[in-house]
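# Descriptive structure summary
Residues per chain are reported as follows:
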Amino acid sequence: MSKIKSLYPSTKLVLLLTIGVSPFIIENPFVGFITFGLITIISIYNGIGIRFLRIIRNTLLILAIFMLIMRSLFIVGDDLHYVYQIASLKISIEGIVSGLYMSGRMLSLGSSLILFFEITSTQDIVANLKNTGVNPKVTYVMLASLQMIPEMKKQSNTIMEAQQSRGIETTGNIITRLKALIPSVTPLVLSSILNTEEKALTLEARAFTIKGPKTSLHKIYKKRSDKNIFWICLLIILILIIMKVFIW
Amino acid sequence: MLIDYFDFNNNEGVYMVNVRLEGVSFRYLIAKNDVLKNISLELHSGKLTSIIGPNGAGKTTLAEIIRGFIPAYFQGDLRGKLYFDENVISINEENVAEYSKKIGFIFQNPFTQITGSTDSVFEEIAFGLENIGIAEERIIDRVSEILRLTNLSELKDRNPMDLSGGQKQRVAFASILAMDPDIYIIDEPTSQLDPASTEEIFMIISALKKMHKTILLIENKIELVAEYSDYVVAMNEGEVIAYGTPQSVFSSERIKDTDVEIPVYTKLFKEMGKTEGLPVTKKESISKLKGD
């Protein structure tokens, strides 16, 4: 499992997505949590377990819990079997099961993509896209999307520090922090758009979209194991689909 | 020496490119007024032409027109003609990429000049060369030499995204230098640099002149503009208000009541009541004070 990091980028993506999407095919509300657990184990074997779980905690986990609670309380339908009631809110078994499906699937798919981007460098992704012959403009769009969030985070930190130096309270409870953050959202988004535009010109200045053969100092190669893994993943998905159609 | 090293693109020797603008005017798509009004000027090979002027004068817009980013990327009403060596040039979305081999552009904002697709300064500088298909061994040699010449060797393994603004600016400059274009358009390359690094950049620009490169510089450090430039273009509100040697431009009456800055030495002599033979550099002013 620790060798997943060294796989070709597209192979890594196929492998992780195979694990990530299998809960969408298998009819069991707990499969999503099992595959999420498997992905977590992969992250630990690749030396980034703590970082990975921190990202999950700050992003997907809150959403998953929220989704589970909402589905448990607010699912509509006939013949619901209620198991608990708090004031006028009723929790049904069907709601819990639906919530488990949705949150499990979200955790599974989301974590597979998060892990992919954590164990694959931007340089490898760009090299993979170049090798595949993807249009440079498409490559740039993907690159810009990957970089946008970390850069917006850096900029928002800078804006918050600037606010703080002007005496605006930026730490404390969530209301205080929102009051400081909300006015800076518009300039943050606008400057991100401008920076993306300037970066496109920077790439143009470095002949990024020029036609003709390109050299690559950073080389990535597909090995036999990459091809084998690809076909195994495809086979797994096919078997799951067949089982879903004919057995489950 | 830099001049001994460069000669990649031409087997026939030195290639000189002159750039000429004739009656160039431009208005952005949603703007009411022209941001450039009837600009005519020449850039000569082996010469440094500097554009000076207050913010909003149209300096960067002019630079982007020469490079072809306007109209390829920025729509608007562009009028007039652009010549490279007496050939009328029309750069558009289809051919703008081809001109990256011929025209190097260094932008004002260092934070957007790092591509983000490389993990080291070495790879960042090599990026342009990879795109134009230079052979791997030549890329390695060229980048190694550029790192040495621009004093960036100690940063070669650092992630360029982790560098300071000044370091990013130097890496961006080195990246374009490595591509060895015929024309350099350099937009405020020293805004984030300390005095020592600023001097290094200007030394490199001097070396590029000796290699017969055509250089257009946008710069606010007026004293350095006066010292190193062969020609100065003073712009204000989209117009060229003075164009010529540093001496003629900085002593011109036409820039007197505008926001165009002049060197401190020239200002000093003007305030002393001098009107003729005004010095523009430290050396000239010392010479004048000594009565040479």
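Residues numbered from 1 in each chain as written. Chains lettered and ligands numbered in written order. Predicted model: local features only at pLDDT ≥ 70, side-chain atom pairs only at ≥ 80, totals over all residues. Heavy atoms only, no water.

### Quick word on the overall build of chain B
Which entries qualify depends on this criterion: Numbering of helices and strands runs from the N terminus, with a helix taken as a DSSP run of H or I at least four residues long and a strand as a DSSP run of E at least two residues long. Radius of gyration here uses only the C-alpha atoms, and the compact-globule reference equals 2.2 Å multiplied by the residue count raised to the power 0.38. Burial classification: accessible surface area is computed with a 1.4 Å probe over protein chains only, and a residue below 20% of its type maximum counts as buried, one above 50% as exposed, and the rest as partly exposed. The contact criterion used throughout is that any non-hydrogen atoms of two residues lie within 4.5 Å.
Counting its secondary structure elements, chain B contains 11 helices and 10 strands. For chain B, whose C-alpha radius of gyration is 20 Å, the value lies close to the compact-globule estimate of 19 Å for 292 residues. Overall, chain B is about 60 × 45 × 40 Å in size when its C-alpha atoms are taken along their principal axes. Per-residue burial for chain B yields a buried fraction of 55% across its 292 residues. Of the contacts made within chain B by residues no fewer than 6 positions apart, 65% connect residues no fewer than 24 positions apart.

### Things to note about the sheet that holds strand β1 (residues 19-28) of chain B
Residue and element names in this part refer to chain B. Basically, it comes down to this: At least two DSSP bridges between two strands are required for those strands to pair. Note on geometry: axes are C-alpha line fits, over the in-contact stretch for helices, and angles between N-to-C directions span 0 to 180 degrees.
Pairing in this open sheet of four strands is antiparallel, and the strands run β2-β1-β4-β5 from one edge to the other. If you trace the sheet from one side to the other, it starts and ends with β2 (36-43) and β5 (87-88), each paired once. In terms of strand pairing, β1 meets strand β4 (residues 76-84) through eight bridges, oriented antiparallel. Paired with E22 across the two strands is K81, which belongs to β4. Together, β1, β2 and β4 form the strand contacts of helix α2 (residues 59-67), whose direction differs from that of β1 by roughly 120°.

### Side note on helix α7 (residues 195-210) of chain B
Residue and element names in this part refer to chain B. Rules: Expected span of a helix: the number of residues minus one, times 1.5 Å. As used in this structure description, the phrase polar contact means that two N or O atoms lie within 3.5 Å; if the pair is within protein, one of them must be able to donate a hydrogen and the other to accept it, and residues adjacent in sequence are counted only when both atoms belong to side chains.
Its 16 residues place the ends of α7 23 Å apart at the C-alpha level, agreeing with the 22 Å of an ideal helix rising 1.5 Å per residue. Residues of α7 that are buried include every one of S197, T198, I201, F202, I204, I205, A207, L208 and K209, and no others. The N-terminus of α7 is capped by D194, whose side-chain oxygen sits 3.2 Å from the backbone nitrogen of A196. One or two positions beyond α7, positive phi appears at H212, with a value near 65°.

### Notes on the domain arrangement of chain B
Residue and element names in this part refer to chain B. Put simply, the test is: Domain borders in the structure are assigned automatically or taken from a domain database. Buried area, as used here, totals the accessible surface that two parts lose on assembly, with accessibility defined by a 1.4 Å probe and the loss added over both. Any carboxyl oxygen of Asp or Glu that lies within 4 Å of a side-chain nitrogen of Lys or Arg is treated as forming a salt bridge with it.
Under the domain assignment, chain B is made up of domain 1 (1-102 + 183-193 + 209-261), domain 2 (110-180) and domain 3 (262-292). Contacts between the two partners involve 18 residues from domain 1, matched on the other side by 18 residues from domain 2. Across the interface of domain 1 and domain 2, roughly 1500 Å² is buried in total on both sides, 61% from carbon and sulfur atoms. D180 serves as the salt-bridge partner of K213, at 2.9 Å between the closest nitrogen and oxygen. Taken together, domain 1 and domain 2 are joined by five residue pairs in polar contact (both at pLDDT 80 or more).

### Examining the environment of Y82 of chain A
Considering the arrangement of structural elements, one finds Y82 of chain A in strand β1 (residues 82-86). Non-local contacts of Y82 of chain A, meaning those with residues more than four positions away in its chain, are made with K90, I91 and S92 of chain A.

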